[in-house]
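Commentary on secondary and tertiary structure
The residues making up each chain are set out below.
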Amino acid sequence: MSLIEQFIQRAKQAPKRVVLPEGDDERMIQAAVRLVAEGIAKPIVLGAEEEVRALAGGASLAGVTIVDPAKDSRIGAYSAAYAKNRGVAEGLAGRMVKRPLYFGGMMVAEGDADAMVAGVAKATAQVISAAALTVGFSEGVSQASSYFVMVLPDGKVLVFADCAVVVDPNARELAEIAVTTARNAKKLLDVEPRVAMLSFSTKGSAQHAHVDKVREATAIAKEMAPEILLDGEFQVDSAIVERVAKKKCPDSTVGGTANVLVFPDLDSGNMGYKLTQYLGNAKAIGPIMQGFAKPVNDLSRGASVDDIIAVTAIASLQCGG
Amino acid sequence: MDRAEVEKRVKKVVSQVLNVPEADIRPEHKFTADLGAESVQSLELVAGFEEEFDLEVDEDEALSVQSVGDAIEFFVERL
């Protein structure tokens with residue numbers, strides 16, 4: 001069974017209420033129908049009911065909750081909550097929350113949905129903005145980031161971050177990425193994360209400001225989440241090859257056996273995942289968005305119905321529980 | 001609505017949304033570089049303008065507006 005199929009099977013054990021704000025896209029409606037039929041999630045589609053029904057093309061929408069933000073009685077409460085959280089006038093807040101991405105985000109923020117999956121029609125930056133302004137960030141986290149699940153040809157699974165969102169994180173931001181990724185790896189993969197903070201230096205083998213940043217991030221991350229098995233700084237081989245780790249960092253509890261690799265910036269992260277994908281023949285699942293107080297996941301504009309279902313299953317598992 | 005009135009109202013909205021004194025806001029100011037807007041606040045500015053001028057604008061077009069002067073032009077053309 002592929003990893004995606006495993007995610008779907010696990011999501012079925014406790015189907016979550018996932019809001020799909022782009023109810024004017026046929027793929028979203030088809031995905032919602034399948035999510036119900038296969039018992040993966042309880043989809044909430046945002047849009048005008050007649051338009052959603054027309055896009056369903058006669059397929060049964062039993063089990064799909066359709067919510068029209070323009071007619072929904074919760075809009076007043078969402079406006080008031082948005083205005084209070086953001087410190088803006090209620091008139092402005094009302095104009096924000098009637099937009100589907102923001103209405104969906106407020107459903108998640110206010111506990112009327114467990115997660116949101118969007119992005120077939122909206123740019124990633126718009127999905128991130130909506131999530132940041134409605135759901136907000138997890139405690140101790142200051143920005144959105146992302147991770148990839150890399151499935152190697154031998155079946156081994158590694159998690160890479162951040163390979164898609166944060167261009168040049170400072171030490172604090174890098175620590176946040178490490179901690180957030182570790183927590184999501186645990187929820188999604190049901191494994192104990194072993195986090196390696198990557199560099200071109202292993203435990204002081206090189207001196208440079210870039211190495212100092214990773215060292216500082218390692219210290220901050222350990223302080224943020226002492227329960228997570230995390231260490232650094234490591235070169236990639238010291239992180240994942242036990243033979244090398246025994247020589248270069250014999251005292252590290254993570255060296256040689258890391259399953260979560262945190263890259264120091266987007267240059268290295270993006271190149272690292274693509275090298276693994278194309279030269280190492282790994283399958284790359286992602287980027288999976290993270291950092292929000294509750295899961296909001298982004299889709300590529302070319303997403304297929306299968307992709308929407310996979311991302312919905314991932315969002316459901318990121319809910320935990 | 002004349003340009004002076006549009007300018008006055010644009011500055012009022014920018015001041016409220018970005019928490020910058022109205023007197024410090026000039027047409028040449030860019031929202032992010034000069035007035036400290038975070039990128040996630042772009043749509044709040046758009047919603048603030050919509051509320052002030054009581055009209056709905058195309059979101060993608062409005063998000064291309066990057067400065068106070070651009071916003072003034074944008075609404076002068078539409079009012």
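In what follows, the accompanying structure is described. The residue numbering used here restarts from 1 in each chain and proceeds along that chain's sequence as written. Chains and ligands are labelled by the order in which they are written, letters from A for the one and numbers from 1 for the other. Given that the model is predicted, a residue must reach a pLDDT of at least 70 before its local features are reported, and side-chain atom pairs must reach 80 or more before they are shown or counted; all residues, however, enter totals for whole chains, interfaces and linings. With hydrogens and water set aside, each side-chain value is computed from the structure's full complement of heavy atoms.

**Details of the sheet that holds strand E8 (residues 229-234) of chain A**
Residues and elements named next belong to chain A. Spatial strand order, E8-E7-E9-E6-E5-E10: six strands in an open sheet with mixed pairing. Unpaired on one side and paired on the other, E8 and strand E10 (283-290) mark the two borders of the sheet. Neighbour-to-neighbour, the strand axes of this sheet turn through a mean angle of 20°, independent of strand direction. Only strands joined by at least two bridges in the DSSP assignment are considered to pair. Starting at the N terminus, helices and strands are each numbered in turn, a helix being any DSSP run of H or I of at least four residues and a strand any DSSP run of E of at least two. Relative to E8, strand E7 (residues 194-198) is paired through five bridges, and the arrangement is parallel. Bridge pairing links Val195 to Leu230 in E8. Interaxial angle, 0 to 180 degrees, is taken between N-to-C directions of lines fitted to C-alpha atoms, where a helix line uses only the stretch in contact.

**Topic: the interface of chain A and chain B**
By definition in these notes, contact holds between two residues if any of their heavy atoms fall within 4.5 Å. Listed per partner, the contact involves 15 residues of chain A and 17 residues of chain B. We define buried area as the total accessible area lost by two parts upon association, computed with a 1.4 Å probe and summed across both. Together chain A and chain B conceal approximately 1,300 Å² of surface at their shared face, both sides included; 47% is due to carbon and sulfur atoms. When the area that chain A buries against chain B is broken down by residue, the three leading residues are A:Leu92, A:Arg95 and A:Arg99, summing to 46%. Salt bridge, as applied in this entry: a Lys or Arg side-chain nitrogen positioned within 4 Å of an Asp or Glu carboxyl oxygen. Across the contact surface, chain A and chain B share eight salt bridges. Linking A:Lys98 and B:Glu56 is a salt bridge whose minimum nitrogen-to-oxygen distance equals 2.6 Å. Pairs of N or O atoms are called polar contacts if they sit within 3.5 Å, as long as, within protein, a hydrogen donor faces a hydrogen acceptor (for residues adjacent in sequence, only side-chain-to-side-chain pairs). At the junction of chain A with chain B, the criterion picks out ten residue pairs in polar contact (both at pLDDT 80 or more). The class makeup of the residues in the side of chain A that touches chain B is seven nonpolar, three polar and five charged. Only Asp, Glu, Lys and Arg are considered charged, only Ala, Val, Leu, Ile, Met, Phe, Trp, Tyr, Cys and Pro nonpolar, and every remaining residue, Gly among them, polar.

**Remarks on the nonpolar core**
Residues and elements named next belong to chain A. Put simply, a nonpolar core is a bunch of buried Ala, Val, Leu, Ile, Met, Phe, Trp, Tyr and Cys residues held in one set by side-chain atoms that sit within 4.5 Å of each other. Using a 1.4 Å probe on the protein chains alone, a residue whose accessible area is under 20% of its type maximum counts as buried, one over 50% counts as exposed, and one in between counts as partly exposed. In this structure, Phe7, Val149, Leu188, Val195 and Met197 are the most contacted members of the largest nonpolar core, which totals 63 residues. Counting residues per element, this core draws most heavily on helix H8 (residues 171-189), at ten residues. Reported domain spans reflect what an automatic or database domain assignment gives. There are two domains that each give this core at least three residues, and those are domain 1 (3-136 + 293-318) and domain 2 (145-286). In this structure, Met197 is in contact with Leu174, Ala178, Val214, Ala217, Thr218, Leu230, Asp231, Gly232, Glu233, Phe234 and Val262, ignoring residues within four places of it in sequence.

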